[in-house]
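# Analysis of the macromolecular model
Residues per chain, in single letters:
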Amino acid sequence: MELAEYGRAIARGWWILLVCLLAGLGAAALVTARTEPVYQSNVKFFAATPSAVGQSTLQAQELSRNRVTSYANLVKSEGFLGRLVRDSGTGISGKDLADSIGASADRDTLTLSVVVSQPEQAKAFAIARAIASNLGSAAADLESGAAVTNLTVIAGPTNDPGPVSPKVPLNLAVGALLGLALGIAIPVARRLSDKSLRTAQEVEEATGLPVLARIPLSGVARPPASILDQSRGTLLDEAGRRLRTNIDHYPALGTSGVVAVTSAGSGEGRTTVALMLARAWAEAGEPVLLVEAGLRSPRLASVLGLATETGLSDVLAGRLPLEQAIQHTAVEGLHAVGAGTVPPNPTELLGGRALTAILDELRGSYARVVLDAPAMEPFSDAAVIAAAADCTVLVVRHRNVTREVLRAALRNLELVNGTVAGAVLNALPGRLAAGRRQFRATFPVKFPAAGKTGQPAPGLPPGARTGKPVASASRQP
């Protein structure tokens, strides 16, 4: 995954970043509020040993270096802690005093630093003051001979009014950083765990098929019928033309043929792609028939405003002649056949010889027949339709299907000897769609409605029945 993709993953998960940041700040504030404050008082001593008779200054300094380290241990000795309990007047036990005192010696500077930490400022100061008053005499009591080391207070005891802990700014900064780190890690981890296909390169690598078109994500395609009303020159229109051009050059199709449009799963935009392809062919001046081949949940006829009582299922069952099921749409040269009555046995109805006979008849009447097939899963209807078509187009929606699911759909098509022309990558964001620049409409007029109700479709017997043309949005009151 490229660095830019990491950035886009974080940008898409901005709300996760914000929630984690606020959670980190809240946790830091809660920990700070529940942390007992700690006050400190510091006192510093200087150790100096006078030179004795027959002793050099360097020898005296070396003696001081050796003794200043032992004084750091003296501060926490049992005998000295007993003095502090008596003289500090804090009422703190010797064990608690030992826990609150820290001492460190610096041999180079001959200094001894003592730090007292207490939850109350007054007690910390009282203990440090007692240490300053008693440590020198306690050290002298332990030493014998003439070379007595003098401990002189050179700093403190301090009496700072503010606590040294908790450090509110530092805690909040740490909480914010941890929240930001978590807010970045979660979207990146989600992106890395997401195995869905996103780019044309990923689709080609997963399937071994060429990507025939990249269709941009657009609210214009909702509902799908609005595609028939779009002005020329839009991104959707250009994507439909690219798809038409690539399929026109597919060897198995020839000058006339049947193209099935399917997908691995539902919700990938099969109907949208089928409408775009059918409109593009009709725009090129070829007679086109769009057939709703999904018999289980028909919706194309109602979306296009066509008659829904009769359609493909009725023709396959022998209840209706083919010419009476064909209806006009709002685009000149484009006709449609709805799914018709929902049958109890769609797979058997589609798998019979009737479908093959109907498609053979339509090849003689139309330059192109587009089958809006159902998804490959969970039923086998799409596989049956693909076997009867001249070629199949597989629609893949951006971030909607994984490699495994797509490869399973291709294996099903191979089992029925279906010929797959390629894939169409649908609902792509602008940065991935072909032609990022928004085209201005070259012809800012709506496509005219074709003919009047009752006008037969071209290439059909004069008595063929047609439905009402679809009214464009601009004609509605």
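Quick look at the structure, then. These numbers were taken from a predicted model, which means no experiment stands behind them.

Once that is clear, we can look at a nonpolar patch on the surface. Taken together, the side chains of Trp14, Trp15, Leu18, Val19, Leu22, Leu25, Val168 and Leu172 define a hydrophobic patch exposed on the protein surface, amounting to about 750 Å² of accessible area. Among the elements that take part in the nonpolar patch, helix H2 (residues 14-34) stands out by supplying 6 residues, more than any other. Mapped onto the fold, Leu22 is located in helix H2. Its relative accessible area of 53% is what places Leu22 among the exposed residues.

Spatially, 8 strands are ordered E5-E12-E11-E6-E10-E7-E9-E8 in an open sheet, and the strand pairing comes out mixed. The open sheet has two edge strands, strand E5 (211-216) and strand E8 (327-328), and neither has a second partner. In terms of strand pairing, strand E6 (residues 257-263) meets strand E10 (residues 368-372) through 5 bridges, oriented parallel. In the sheet register, Val261 faces E10, and the bridge partner there is Asp372.

A few words on the pattern of salt bridges. Between side chains of opposite charge, pairing is possible as soon as their charged atoms come close. Summed over all chains, the structure comprises 12 salt bridges. Note that Glu283 is salt-bridged to Arg279, the shortest N-O span being 3.8 Å. In this pair, Glu283 and Arg279 both sit in helix H10 (residues 270-283), 4 residues apart, roughly one turn of the helix. Given a relative accessible area of 3%, Arg279 falls into the buried group. As a salt-bridge pair, Asp390 and Arg363 come within 3.0 Å of each other at their nearest N and O atoms. Of this pair, Asp390 sits in the loop between helix H15 (381-388) and strand E11 (391-397) while Arg363 sits in helix H14 (residues 353-365), and the two are 27 residues apart along the sequence. A single network of salt bridges, built from pairs that share partners, joins Asp237, Glu238, Arg241, Arg279 and Glu283.

Note the cis peptide between Gly156 and Pro157, where omega equals 0 degrees. Along the chain, Pro157 falls in the loop between strand E4 (150-155) and helix H7 (168-193). The amide bond that connects Ser165 to the next residue, Pro166, takes the cis arrangement and shows omega of 0 degrees. Assignment of secondary structure puts Pro166 in the loop between E4 and H7. Even without glycine at this site, Leu110 takes up a positive phi of about 60 degrees.

With the rule as written, the count across this model stands at 0 aromatic pairs. In this arrangement the basic side chain of Arg296 is found over the ring face of Phe379, its NZ or CZ atom lying 3.8 Å from the centre.

What counts, and where the lines are drawn
- Residues numbered from 1 in each chain as written.
- Predicted model: local features only at pLDDT ≥ 70, side-chain atom pairs only at ≥ 80, totals over all residues.
- Heavy atoms only, no water.
- Patch = residues over 30% accessible without salt bridge, like charges linked within 9 Å, V, L, I, M, F, W, Y side chains within 5 Å.
- Areas by Shrake-Rupley, 256 points an atom, 1.4 Å probe, with all protein chains shown as cover.
- Salt bridge = Lys/Arg side-chain N within 4 Å of Asp/Glu carboxyl O.
- Helix = DSSP H or I, 4+ residues; strand = E, 2+ residues; numbered from the N terminus.
- Buried < 20%, exposed > 50% of the residue type's maximum accessible area, 1.4 Å probe, protein only.
- Pairing = 2+ DSSP bridges.
- Phe/Tyr/Trp six-rings, centres within 6.5 Å; stacked < 30°, edge-to-face > 60°.
- Lys NZ or Arg CZ within 6 Å of the ring centre and 35° of its normal.

These figures come from the coordinates and say nothing about function on their own.
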